[in-house]
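Single-letter residue listing:
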Amino acid sequence: MAHSKALAAEELWNPSTELPPRVARLRDEYVNIDERDYFRNEIMPFTTGTPWDTVWSPALWGVVPDLIPFYKAFVETLPLAATRVDLPEGFWDGPQVVRVATFFHEVVSKYLPVQILDGELIVGAQFNTALSRAQNKTEAKEWRKRTAKWMKGIEELNSHGMGNAGATPGHLIPDYPRALKMGLRGMVEYFQDLKSEASSEEHIQFLDALIICCEGARELAARYAHEARRLAVEYEEAGRKAELVEIARICEKVPWEPPETFHEALQSLWFVHMLVMTQESYPGPGVSPGRIDQYLFPYYEKDILEGRLDRGQAKELLECFWIKPNYAYDYIYRVGRTRGITSGYGQLITVGGHGPDGEDVSNDLTWLMLDVIEEMNLLEPKPNVRLHGKTPDDLLKRVAEMIANAQGAPFLLNFDENSEAALRWQGLPEGDLWDYAPVGCLENTLQGNDRSGTVDVNINLAKAVELTLFDGKDQATGDRLGPRTGDVRKFKSWEQFCAAFETQLMAMLERFMEFYNYTDALRGGFEPTPYLSALVDGCAESGKDVTNAGPEHNYVTVEGVAFATAADSLAAIKKLVYQDGTVSMSELVEAVGENYEGHEKLRQTLLNKAPKYGNDDDDADAVARYLSRLWTEEVFKHKTPSGRRYRAGYLSWNYWIAYAPTTAATPDGRRRGTYLSNGLCPVDGADRHGPTAVALSVGKLGLESVPNGDSHTISFNPSMLSGTERVDKLAAYLRAYGEKGGTALQINVVDPETLKCAQENPSDYANLLVRVTGYNAYFVMLGKEIQDEIIARESHKL
Amino acid sequence: MRSSPESRTSSNVSDSAGADNGGRTGRIFNIQRFSIEDGPGIRTTVFMKGCPLSCVWCHNPEGIAGRKQLMWFDVRCIGARDCLKACPVGALELSSDGMKIDREACDGCGLCQAACPAGAIEVVGRDITAQAAFEEVARDEAFYRNSGGGLTVSGGEPTMQPAFVAELMRLCRDAGIPTALDTCGYCAGDALERLLPLSDMVLVDLKVMDEARHLELTGVDLATVLASARTIAAAGKPVWVRTPVIGGRTDSEENIAAIAEFIRSEMQPVVRWDLLAFNNTCGSKYARLDMPWELEGTGLIEKQHMEALAAVAGSAGCEVHWAGVTARESDGD
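Note that the structure is predicted; figures quoted are calculated from it, not measured.

Undergrad: Account for the overall build of chain B, with residues named and values stated.
TA: Along the backbone of chain B there are twelve helices and 13 strands. Here the C-alpha atoms of chain B give a radius of gyration of 20 Å, agreeing with the 20 Å that 2.2 N^0.38 yields for 333 residues. With respect to the principal axes defined by its C-alpha atoms, chain B has extents near 60 × 45 × 40 Å. The proportion of buried residues among the 333 residues of chain B is 56%. Across chain B, every contact between residues at least 6 apart in sequence was considered, and the portion connecting residues at least 24 apart equals 73%.

Structure below.
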């Protein structure tokens, strides 16, 4: 393949120069956070003022182990910086869920700053909070005791590179279509009806909490209406004055009443959505609006048909809406922008896909949204495109063209048939599967009624290999982490080795599930989120909070990390130790223990003479499948005491880097410290037969036992995808991937020269987007270690 | 420096004649999946070893000789010396200057490759049955079906191993996989006649239209190539013509105009003509094969020149594409 020269900054995927002036200004305003001293959506803590109050919860951040060193500081100092909220009479008399609801109501109706930015058409600015959990003294004491124990647990798991777990907020799709259709007023009436049928006091109080939250949302909208009217008086310019009057009218109506126009629907959706982040005190991650090209379409179509709106106006409204979710990133303005944390706030929207009859349901709004995505060049909302056998050719080509022209594809692709096969295996109702959508990065769930706890448990599969080699001990510290499974050097057969490996892996799974059960109870018992519960089907009916298995569908997802590293390690042992006998186990254990220092010949043998997953090599892929089915089927046999079933996924966020130093050398030839494999991707550099072979390898894993879905990233050099003919070939590749590959795919189209250039000249390459591990990120905002990793990943592609 | 075209040609042919043992096995040097340059759609290209031509610009020099050849990769070598011990004929010598390979003594047995832990020594050339090659090609069936792609047999020169190629193509067609023959045009008539009915399309090179220059640059006579081109055209299959554009060799407007005229007047079914700009990245392969790289230092073609040639090519009356790295883009490489 030809040498290429770095793309110049102006050749990158950049925001369109044709954006309407208002939109261009709003986008610039968002991006230039340093200059925005009049408005930053930074974390705002609010407290009840009790000495025992807590506004921040470590267990909710367990899957961000980078924060472990700050846990205590956040817990202790955030309340000190918090605004004290005047509590209404009788506040402490009610149960915690009512207190939390009341606190939320008070904050949003009186304290949360209300600000309308110049020129914006969709309003709702401040939403990042740290809200009091409104615990009384007894509850707080118990919560602290349990949290302290929890922190010990996470520290132990994380520091040994075994993985992590947390009761992660977000990561679900609320039933926004219902909130739009009924209006919050209609939902409150529904909750009132349920109250009259409820049999327990507890259930009635829970419904009261939901109602209080909905009323809080109404109050906040009224404050925005008031602000808009105030500004309308101030503004001289007639155009903006009229807009502000219209904004005021809309905010007086929605989200309390059902929207009737496209503008009203977008405004209602934004209010309802942003308050989920406010209530959970969690900035964005995974609170996903789902299939918005479907449920917003009727409002759009009606406006167009009735002449209220033209396509250009609709687009401008969408663009105003598009900027809003990005403000979640203001949350971490002060704590820095490293390690890729800054880019993972996946508020996913999903476009395309099929309907209940299997026919494609893409519409004009789908196409309009693709234009908006292309022209805005923003991180959020993160778009996913659902592809299936009947996706129209023109839509597929449009998608392929956007991928080819943007260095890190603007979206993640979800393949319906493969995704639905896994959700079917999971046992979700057949009639509902067509309406699935991903949350977070790529994690498949149903919409509106499903909390699947995606990314709640992350387990390093390669660690199980290490524990097998060292009889259950951590190689670096000698700490016992797993059961004694015997001296591996004395094993006589591959089967015997597998038995030991399975024992270690099962023990790890058991330990993680036990830890998560504890975590789940900690959140479920002490941190209700009644506003979110109002928006998720099943909670009101069951009287149980969304944190407490209230939704119609409840799962916990265990994400497998370092899959290919583990699979290749097993394949190397099987082939070289037990089949060929060219490597002795004693030598291997010694070499791994010495990190291959002085064992380069053996290391090269492991790298070059063993089969590797990702090459459509049936031997390697069979071992990979064995590993995948082994653990994914096992977790599915277990449930939390609250009734949430465990299920599997493949997403490694940044753990494939984070656990590289704490994972010993591996029998695939990897040294300690070299990054682990990412998602379902082959080990870097191990796949040498191109994109068709890797797709087929993925497809052989039997991924129906992985209902969450899998993160698979492939890279193309831009020169391979230039020209319409090659874009057509990419489109064809995607069709075949849907037949043969996995559930989700993201594509980088970038060359190492451009990345190196960007690393050296970050200000020129501010718009360069790349795909990381299930999400896209501005390359220059990533930590250097991830940048280097991405450069290495691209460099081995020819 | 170079041997005469005649001797090169005969030696190339005789080198690989032994491989075509009635089609039981063929000698290949690569099976390239996700091949997007060798015909429509996504394809798998099987590269046959051995070519009657010895074009000075050849970017696959490992495909010229029919015999198996060693390639040594200095960057991968860890100095384990297992290859030296494994070689039954003592053909290898490793010193601080690198690996010296006695190419007369080496018969490509592959024991060195098997012994090397680092993958630093490779035998170029593998004998494979048509069935085994087919099974590898068939793996990407879904990609061919969705893209209009399929099998391309290239080289080297496929018509030098007609029995194997015919069997591979037949197996593919029986499985519904479209086939393409990519030939240099210097073929024995009967081999071509045998393969054309099994090919859904043909790619053929037309390089130089001056007879003397053709002989000088490719080592073979032009008349045979043109005769093949006419035979291919007469078969009525879709044909893609390809022309390597090499500075000072094939890149004159006269040459392109002459090819255009031939296509227009004698190759009616040509649907597409690709002008492929000279690629200078194959120099290291020559070094690894101990072959001289005569185009060392030859510049890349300028973009404007490619565009001008493409305009000239327009008179052929078929779709014209040009591709490759051009001088402007690779400045500073």
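Text resumes after the structure shown.
Undergrad: An account of helix α20 (residues 585–593) of chain A is requested, with residue identities and associated values reported.
TA: Along an α-helix, a turn takes 3.6 residues, which lines up residues three or four apart on a common side. Residues and elements named next belong to chain A. Buried within α20 are the following residues: M585, L588, V589, A591 and V592. Taken down its axis, α20 places every buried residue within 165 degrees of arc, on the same side. Buried positions along α20 lie against α15 (461–469), α16 (494–526), α19 (563–579) and α21 (600–609). At the exit of α20 stands N595, carrying a positive phi of roughly 55 degrees.

Undergrad: Got a sec to walk through the environment of C251(A)? Specific residues and values, please.
TA: All names here are of chain A. As for its placement among the helices and strands, C251 is situated in helix α7 (residues 238–253). C251 sits in the buried class, given a relative accessible area of 3%. As a C-alpha pair, C251 and I122 span 129 residues in sequence and 9.7 Å in three-dimensional space.

Undergrad: Can you tell me about the packing of aromatic side chains, naming the residues and giving the values?
TA: Residue and element names in this part refer to chain A. Tallied over the entire structure, the rule returns 39 aromatic pairs over all chains. A centroid spacing of 6.4 Å and a plane angle of 90 degrees characterise the contact between W270 and F321, whose relative ring orientation is edge-to-face. In this pair, W270 is assigned in helix α8 (residues 262–280) and F321 in helix α11 (residues 311–323), connecting sequence segments 51 residues apart. Both residues of the pair, W270 and F321, belong to the buried class.

Undergrad: Break down the nonpolar core for me, citing the residues and quoting the values.
TA: In this structure, F262(A), L296(A), F497(A), Y733(A), L734(A) and I747(A) are the most contacted members of the largest nonpolar core, which totals 266 residues. The residues touching F262(A), leaving out its near neighbours within four places in the chain, are L296(A), Y299(A), Y300(A), D303(A), L309(A), A314(A), L317(A), L318(A) and L365(A). In this structure, A130(B), V153(B), L206(B) and I301(B) belong to the second largest nonpolar core, which totals 75 residues.

Undergrad: Please provide a residue-by-residue account of the sheet that holds strand β12 (residues 270–277) of chain B, values included.
TA: Residue and element names in this part refer to chain B. If you trace the nine strands from one edge of the open sheet to the other, you get β7-β1-β2-β8-β9-β10-β11-β12-β13, paired in mixed fashion. The open sheet has two free edges, formed respectively by β7 (126–129) and β13 (319–323), since each of these has just one partner strand. Going across the sheet, the axis of each strand differs from the next one's by a mean of 30 degrees, ignoring polarity. Sheet analysis places strand β2 (residues 43–48) next to strand β8 (residues 151–155), joined by five bridges and oriented parallel. From the neighbouring strand, F47 faces β8, where its bridge partner is S154.

Undergrad: For the interface of chain B and chain A, give the residues involved together with the corresponding values.
TA: Between chain B and chain A, the residue contacts involve 32 residues of the former and 32 residues of the latter. Summing both partners gives a buried area of about 2,600 Å² for chain B against chain A, and 56% of it is carried by carbon and sulfur. Among the residues of chain B in contact with chain A, F34(B), R139(B) and F143(B) are the three that bury the most area, contributing 24% of the side total. Linking chain B to chain A there are seven salt bridges. E37(B) serves as the salt-bridge partner of R726(A), at 3.0 Å between the closest nitrogen and oxygen. Joining chain B to chain A, the criterion identifies 17 residue pairs in polar contact (both at pLDDT 80 or more). Elements supplying a minimum of two residues to the side of chain B that touches chain A: β1 (25–35), α3 (111–115) and α5 (141–147) of chain B. Take the side of chain B that touches chain A: its biggest share by element is five residues, from α5(B). Taken together, the residues that form the side of chain B that touches chain A break down as 14 nonpolar, eight polar and ten charged.

Undergrad: Now, about the pairing of strand β5 (residues 98–101) of chain B: what can you tell me, with residues and values included?
TA: Residues and elements named next belong to chain B. Sheet topology places strand β4 (residues 92–95) next to β5; four bridges connect them, and they run antiparallel. Considered in β5, the bridge of S95 is made with G98. Connecting β4 to the antiparallel partner β5 that follows it, the hairpin turn spans two residues.

Undergrad: Any chance you could break down a negative patch on the surface for me, citing the residues and the numbers?
TA: Residues and elements named next belong to chain A. A cluster of acidic residues, E587, E590, E594 and E597, forms a negative patch at the surface. With respect to the secondary-structure elements, E594 resides in the loop between α20 and α21. Given a relative accessible area of 38%, E594 falls into the partly exposed group.

Undergrad: I'd love a proper account of the environment of Y224(A), names of residues and values included.
TA: All names here are of chain A. Secondary-structure assignment places Y224 in helix α6 (residues 201–234). Remark: the alpha-carbon pair of Y224 and D371, spanning 147 residues in sequence, is separated by 30 Å. Other than its neighbours up to four places away in sequence, Y224 contacts P113, V114, Q115, I116, V123, G124, A125, Q126, C251 and F271. There is a polar contact of 2.7 Å between the side chain of Y224 and the backbone nitrogen of A125.

Undergrad: Describe the sheet that holds strand β15 (residues 744–749) of chain A, and please don't skip the residues or the numbers.
TA: Strand pairing in a sheet takes place through backbone hydrogen bonds and is either antiparallel or parallel in direction. All names here are of chain A. Pairing within the open sheet is mixed, and its five strands lie in the order β5-β6-β7-β15-β14. The open sheet has two edge strands, β5 (348–352) and β14 (713–716), and neither has a second partner. Shown here is a sheet whose adjacent strand axes are inclined to one another by a mean of 30 degrees, direction ignored. Sheet analysis places β14 next to β15, joined by four bridges and oriented parallel. Residue pairing in the sheet places S715 in a bridge with N748 of β15.

Undergrad: For the pairing of β15(A), give the residues involved together with the corresponding values.
TA: Residue and element names in this part refer to chain A. Burial within β15 is extensive, with six of its six residues counted as buried. Burial along β15 is two-sided: A744, Q746 and N748 facing one way and L745, I747 and V749 facing the other are all buried. The sheet contact formed by strand β7 (residues 412–415) and β15 spans two bridges and is antiparallel. Within β15, the residue paired with N414 across the bridge is A744. Between the parallel pair β14 and β15, the chain is carried across by helix α25 (residues 724–740), and the sense of this crossover is right-handed.

Undergrad: Which residues make up the pattern of salt bridges, and what values go with them?
TA: Evaluated as defined, the whole model comprises 80 salt bridges over all chains. For E156(A), the salt bridge identified is with R511(A), shortest N-O distance 3.4 Å. With E156(A) in helix α4 (residues 137–159) and R511(A) in helix α16, the pair connects residues that are 355 residues apart, well separated along the chain. With a relative accessible area of 32%, E156(A) lands in the partly exposed category. In this structure R511(A) comes out as partly exposed when scored by relative accessible area, which is 26%. Residue K303(B) is joined to E307(B) by a salt bridge in which the shortest nitrogen-to-oxygen separation is 3.9 Å. Linking K303(B) with E307(B), this pair stays in helix α12 (residues 303–313), spanning four residues, or about one helical turn. It is possible to trace a salt-bridge network through shared partners that takes in D616(A), D618(A), D621(A), K700(A), R33(B), R139(B) and D140(B).

Undergrad: Go over the packing of α8(A) against α11(A) with me, naming the residues and quoting the values.
TA: Residue and element names in this part refer to chain A. Close contact between α8 and α11 brings their axes to 10 Å; oriented N to C, the two are set at 10 degrees. Of the possible angle classes, the one that applies to α8 and α11 is roughly parallel. Between α8 and α11, the contacting residues are F262, H263, L266, L269 and W270 on the first element and A314, L317, L318 and F321 on the second. Grouping the constituent residues of the contact of α8 with α11 by class yields eight nonpolar, one polar and no charged.

Undergrad: Which residues make up the confidence of the model for chain A, and what values do they have?
TA: Looking at chain A, pLDDT values average 93 and 97% of them are 70 or higher. Ignoring residues within four places in sequence, the model shows residues 337–341 of chain A, a span with pLDDT below 50, making 18 contacts including any to other chains.

The rules behind these values
Residues numbered from 1 in each chain as written. Chains lettered and ligands numbered in written order. Predicted model: local features only at pLDDT ≥ 70, side-chain atom pairs only at ≥ 80, totals over all residues. Heavy atoms only, no water. Helix = DSSP H or I, 4+ residues; strand = E, 2+ residues; numbered from the N terminus. Rg over C-alpha atoms; globule rule 2.2 N^0.38 Å. Buried < 20%, exposed > 50% of the residue type's maximum accessible area, 1.4 Å probe, protein only. Contact = heavy atoms within 4.5 Å. Arc of directions from axis to C-beta. Phe/Tyr/Trp six-rings, centres within 6.5 Å; stacked < 30°, edge-to-face > 60°. Core = buried A, V, L, I, M, F, W, Y, C linked by side-chain atoms within 4.5 Å. Pairing = 2+ DSSP bridges. Axes fitted to C-alpha atoms, helices over the stretch in contact; angles between N-to-C directions. Buried area = accessible area lost by both parts, 1.4 Å probe. Salt bridge = Lys/Arg side-chain N within 4 Å of Asp/Glu carboxyl O. Polar contact = N/O pair within 3.5 Å; in protein donor to acceptor, adjacent residues only side chain to side chain. Nonpolar A, V, L, I, M, F, W, Y, C, P; charged D, E, K, R; others polar. Patch = residues over 30% accessible without salt bridge, like charges linked within 9 Å, V, L, I, M, F, W, Y side chains within 5 Å. Areas by Shrake-Rupley, 256 points an atom, 1.4 Å probe, with all protein chains shown as cover. Lys, Arg positive; Asp, Glu negative; His and termini not counted. Charge placed at Lys NZ, Arg CZ, Asp CG, Glu CD. Right-handed = clockwise from strand over helix to strand, strands pointing away. Parallel < 35°, antiparallel > 145°, perpendicular 65-115°, else oblique. pLDDT = per-residue confidence, 0-100.

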